[in-house]
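# Summary of structural features
Given next are the chains, with one letter for each unit.
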Amino acid sequence: MLRNISPATTTAWKNLEAHYKQLQPQHLRDLFANDPQRFQKLSLQFEDFLFDLSKNRITEETLNLLVNLAEEMGVPQAIESMFTGEKINVTENRAVLHTALRNFSDPELILDGENILTEVNAVLEQMRSFCDGIHNGSITSYTGKAFKHIVNIGIGGSHLGPQMVCEALKSYQKPGLEVHFISNVDGTDAAEILEKLDAETTLFIIASKTFTTKETITNALTARNWFLETAKDEKHISKHFVALSTNTTEVEKFGIAPENIFRFWDWVGGRFSLWSAIGLSIACTLGYNRFEELLRGAEAMDKHFRKTPLHQNVPVLMALLSIWYTNFFNCQTHAILPYDQYMRLLPEFLQQLLMESNGKSTDRNGQPVTYQTQPVIWGAAGTNSQHSFFQLIHQGTILIPCDFIAAAVSNNPIGEHQALLMSNYFAQTEALMKGKNTEEVRQELEQKNLPASELENLLPHKLFEGNKPTTSIMMRQLTPYTLGSLLAMYEHKTFVQGVIWNIYSFDQWGVELGKQLATSIEKELLTDKQQPHDASTTNLIQYYKENQK
Ligand code: G6Q
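Report follows, based on the coordinates. What you are looking at is a predicted structure, and each value in this text was computed from that prediction instead of being measured.

With that settled, consider the overall build of the protein chain. Summing up its helical and strand segments, the protein chain has 22 helices and 13 strands in all. Principal-axis analysis of the C-alpha atoms places the extent of the protein chain at approximately 80 × 60 × 60 Å. Within the protein chain, the proportion of its 549 residues that are buried is 54%. Pairs at least 24 residues apart make up 75% of the contacts formed inside the protein chain by residues separated by at least 6 positions. Surface accessibility of the protein chain: about 24,300 Å² in total, with carbon and sulfur atoms responsible for 51%.

Rendered as structure tokens:
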């Protein structure tokens, strides 16, 4: 069972408050200067990964106190509860078992009297044979042609993961197949994608756990109509449309044949579902074996997370760092900065993972929390981001902890690009840590022989406070396996933060109100009906309607 107490009432929290007062004024420069072993003490290795926590505003004592907090909040027990299928998603009365989707080691995992691994393996087999069929030409279009385009239609958890992974692993893609994603209900999304395609060689994957999501069903119907303009006969739909869903009844109502349904289960949350049938677009694009490597990489991280003591446990320590900055330094945002063009969608994916999971203000007792929970997640790929928002990270007034993520070996080794990219990667975390003090700036300016008054005027603008915390995450190379491990690490970090904040991480009630209102306003927009709204909404709707005439 999850422990159900406020973290702010624990002894560890109080000790951390006292420790914060003592550590806060200290500069990272000095912490490095005073401890030659700092890197060794504050970095971890996991398989091909190096996690360097040493440029964070912590000491070994900080980590000890944070680990005490994790223990007091029952993190080890919570981890076991998740892996063993306890219904820890209490508000939806569900287990949380995305880890079962990549469990190649255990013979069984019993949930409600069933061995769920049998079902998981059956769907994986179905995915393997479908992907192989697409690649070896035994599954073809209604005219007998090989498929050239795969279009995943889904949104949120049924979109962001597959799209990010397909993009990240582009260099592993099977030749001859292109993958596309339609998600937004804005007709532009479908129009722009469909325009490029040929109905005869396009396969549509309708990805929706519930199969009731308005955006996805609308886009799926548009794709169906578009397809029928060429194919004419509805009987061809069965060769071009497959569904990934837990709701077989709704899928069949839509007209997709039962044999074209790839199932998954309610114990897989949307934002944790890329490992399930929702990953079919990944498997088709990369080939099934590559998809399995992704799962195996995640499984390796799962084992590490479940078995490693908290002190050496990467996802736990990453979560604790976030707690440290959010609840003691009062940081309100956290930047994700992949120095890898292939990983440029990672910030967007992690935005959903962390913010939808932990953007909560009610604790597990139904009471308002008295402490800050999830900070805003944002970011973009380096080096581009250096030329846009890095100014604020270096010299702005708010403190922004950053994750710098990179692979040592490039998947596109051209000339000196990788050395240039990585020199920026190293330079930024060093600069953020060290800063540049008055003495250093003065020396630099003096060498330029500026007039004294100009030097004095310029000096304060050129100061860098430094002491900006960063975590460097390096892997040998970006592969399906390492990506799997990295993503599983962030999933587990998300979970641990939720446990410590004593909130439910696996529901998302906060997205419901807008959906409800949109459903009733939609009727208003399509008919003459009017409903009472506040003055602002009424006038905005009126403006819209007038412009439709
Ligand atoms: C994720 C959320 C949400 C969900 C989408 C799509 O955790 O629940 O982003 O994935 O709303 O839902 P369907 O897959 O049911 O269409």
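The rest of the description comes next.
This structure, assessed with the given rule, holds zero disulfides. Considering cysteine sulfurs only, Cys402 is the nearest to Cys331, which forms no disulfide, with 9.8 Å between them.

Attention now moves to unusual backbone geometry. Cis peptide bonds are those with omega within 30 degrees of zero, and the linkage from Gly382 to Thr383 qualifies with 10°. With phi around 50°, Asp112 is a residue other than glycine that occupies positive phi space. When you line up the elements, Asp112 lands in the loop between β3 (110-111) and β4 (114-115). Although it is not a glycine, Phe211 adopts a positive phi angle of roughly 55°. On the accessibility criterion, Phe211 (3% relative accessible area) is buried.

As a further point, take the layout of surface pockets. Approximately 1,200 Å³ is the volume attributed to the largest pocket. Around the largest pocket, the lining comprises 38 residues; the ones closest to its centre are Ile155, Thr210, Thr213, Val511 and Lys515. With five residues, helix α21 (residues 512-526) is the single largest residue contributor to the lining of the largest pocket. Here the lining of the largest pocket is built from residues that sort into twelve nonpolar, 15 polar and eleven charged.

Running from amino to carboxyl end, helix α4 (residues 60-72) crosses helix α14 (residues 314-328) at an angle of 100°, the nearest separation of the two axes being 10 Å. Judged by the inter-axis angle, α4 sits roughly perpendicular to α14. Taken together, the residues of α14 that come into contact with α4 (itself represented by Thr62, Leu63, Leu66, Val67, Leu69 and Ala70) are Leu317, Leu320, Ile323 and Trp324.

All right, on to the nonpolar core then. Counting 126 residues, the largest nonpolar core has Trp267, Leu280, Trp324, Leu346, Leu486 and Tyr490 as its most contacted members. Not counting residues within four places of it along the chain, the set of residues in contact with Tyr490 comprises Met318, Ile336, Leu350, Leu353, Asp403, Ile405 and Ile473. Membership of the second largest hydrophobic core comes to 25 residues, among which are Val151, Ile206, Phe211 and Trp226.

Before going further, it helps to examine the site of the ligand. Taken together, the neighbourhood of the ligand is formed by 13 residues, with Ser158, Ser208, Lys209, Thr210 and Thr213 sitting nearest. Within the backbone of Lys209, an N or O atom sits 2.7 Å from an oxygen atom of the ligand. In the environment of the ligand, an oxygen atom lies 3.3 Å from a nitrogen or oxygen atom belonging to the side chain of Glu356. A total of 400 Å² of accessible area belongs to the ligand in isolation, and the protein chains cover 87% of it. Cavity membership is defined here by more than half of the atoms lying within 2 Å of grid points; on that basis the ligand lies in the largest pocket. Looking at side-chain class alone, the shell around the ligand contains one nonpolar, nine polar and three charged residues.

Looking now at the sheet that holds strand β7 (residues 202-207). If you walk across this open sheet you meet the five strands as β6-β5-β7-β8-β9, and the pairing is parallel. Here the strands that pair on one side only, and so sit at the sheet edges, are β6 (178-182) and β9 (261-263). In this sheet, neighbouring strand axes are inclined to one another by 20° on average, regardless of whether the strands run parallel or antiparallel. As defined by bridge partners, strand β5 (residues 149-153) adjoins β6 across five bridges and the pair is classed as parallel.

Here we come to the packing of helix α1 (residues 11-23) against α4. In contact at an axis separation of 9 Å, α1 and α4 are set at 160° when each is read in the N-to-C sense. As the angle between them shows, α1 and α4 are arranged roughly antiparallel. Crossing of α1 against α4: the hand is left-handed. In this structure, α1 contributes Thr11, Ala12, Trp13, Asn15, Leu16, His19, Gln22 and Leu23 to the contact, and α4 contributes Glu61, Thr62, Leu65, Leu66, Asn68, Leu69 and Glu72. Looking at the contact of α1 with α4, its residues break down into seven nonpolar, six polar and two charged.

Read from one edge of the open sheet, six strands run β1-β2-β13-β12-β10-β11, paired in mixed fashion. Both edges of this open sheet fall to β1 (43-46) and β11 (376-378), since each of them pairs with a single strand only. When strand polarity is set aside, the average angle formed by the axes of neighbouring strands in this sheet is 15°.

The side chains of a regular strand alternate, residue by residue, between the two faces of the sheet. Counting buried positions over the five residues of strand β8 (residues 241-245) gives five, a clear majority of the element. Burial of the side chains of β8 extends over both faces: Phe241, Ala243 and Ser245 are buried on one face and Val242 and Leu244 on the other. In terms of handedness, the path from β8 via helix α11 (residues 248-254) over to β9 forms a crossover that is right-handed.

Note: β1 against strand β2 (residues 49-52), four bridges, orientation antiparallel. Its bridge partner lying in β2, Leu44 is registered against Phe51. Joining the antiparallel neighbours β1 and β2 is a turn of two residues, in which Glu47 adopts a positive phi near 45°. By the bridge criterion, four bridges tie β2 to strand β13 (residues 470-477) in an arrangement that is antiparallel. Note on β13: the bridge partner recorded for Phe49 is Met475.

Take a nonpolar patch on the surface next. Where nonpolar side chains cluster on the molecular surface, the patch consists of Leu525, Leu526 and Tyr544 and spans about 290 Å² of accessible area. Along the chain, the position of Leu525 falls in helix α21.

All right, on to helix α9 (residues 214-231) then. Owing to its 3.6 residues per turn, the α-helix aligns residues three or four sequence positions apart on the same side. Spanning 18 residues, α9 covers 25 Å between terminal C-alpha atoms, matching the ideal 26 Å at 1.5 Å per step. Where α9 ends, the next residue or the one after it, Lys232, has phi of about 65°, a positive value.

Cut-offs used in this document
Just so you know, the residues in each chain are numbered from 1, in the order the chain's sequence is written. Reporting in this predicted model follows two pLDDT cut-offs: at least 70 for local features of residues, and 80 or more for side-chain atom pairs to be given and counted; totals over whole chains, interfaces and linings ignore these cut-offs and use all residues. With hydrogens and water excluded, all non-hydrogen atoms of the structure serve as input to the side-chain values. Where helices and strands are cited, they refer to DSSP runs of H or I of at least four residues and of E of at least two residues respectively, numbered from the N terminus. Each residue's exposure class comes from its accessible area (1.4 Å probe, protein chains only) as a fraction of the maximum for that residue type: buried when under 20%, exposed when over 50%, partly exposed otherwise. Any two residues whose heavy atoms approach within 4.5 Å at even a single point are treated as in contact. To measure how exposed things are, a 1.4 Å probe is used in the Shrake-Rupley method; for residues, cover is taken only from the protein chains shown. Note on terminology: pairs of cysteine sulfur atoms within 2.5 Å are recorded as disulfides. Residues are said to line a cavity or pocket when one of their atoms sits within 4 Å of a point; the points come from a 1 Å grid over protein atoms alone, cavities being sets where a 1.4 Å probe fits but cannot get out and pockets being open sets with protein on both sides within 12 Å along at least five of seven lines. Grid points are joined across faces, edges and corners, and a volume is the space filled by probe spheres set on the points. As a working rule, the residues Ala, Val, Leu, Ile, Met, Phe, Trp, Tyr, Cys and Pro are called nonpolar, Asp, Glu, Lys and Arg charged, and the rest polar, with Gly in that last group. Axis angles are defined between N-to-C directions and span 0 to 180 degrees, where every axis is a line fitted to C-alpha atoms and, for a helix, only to the segment in contact. Roughly parallel covers angles under 35 degrees, roughly antiparallel covers those over 145, roughly perpendicular covers 65 to 115, and oblique covers all other angles. What makes a nonpolar core is a set of buried Ala, Val, Leu, Ile, Met, Phe, Trp, Tyr and Cys residues whose side-chain atoms join them at distances within 4.5 Å. Being near a molecule or strand, for a residue, comes down to having at least one heavy atom within 4 Å of it. Here a polar contact means two N or O atoms within 3.5 Å. Within protein one must be a hydrogen donor candidate and the other an acceptor candidate, and residues neighboring in sequence count only if both atoms are side-chain atoms. The rule for placing a molecule in a cavity or pocket is simple: more than half of its atoms must lie within 2 Å of the grid points. A pair of strands is considered paired only if DSSP assigns at least 2 bridges between the two. Two helices cross in a left-handed way if the nearer one is turned anticlockwise from the farther one by less than a right angle. They cross in a right-handed way if the turn is clockwise. Assignment of crossover handedness uses the view with strands pointing away from the viewer, where a clockwise path from the first strand over the helix to the second indicates a right-handed crossover. A residue counts toward a patch only above 30% relative accessible area and without a salt bridge, and it is joined to like-charged neighbours within 9 Å or, for Val, Leu, Ile, Met, Phe, Trp and Tyr, to nonpolar neighbours within 5 Å. Salt bridge criterion: a side-chain nitrogen from Lys or Arg within 4 Å of a carboxyl oxygen from Asp or Glu. Expected span of a helix, by definition, is 1.5 Å for each gap between consecutive residues, and there is one gap fewer than residues.

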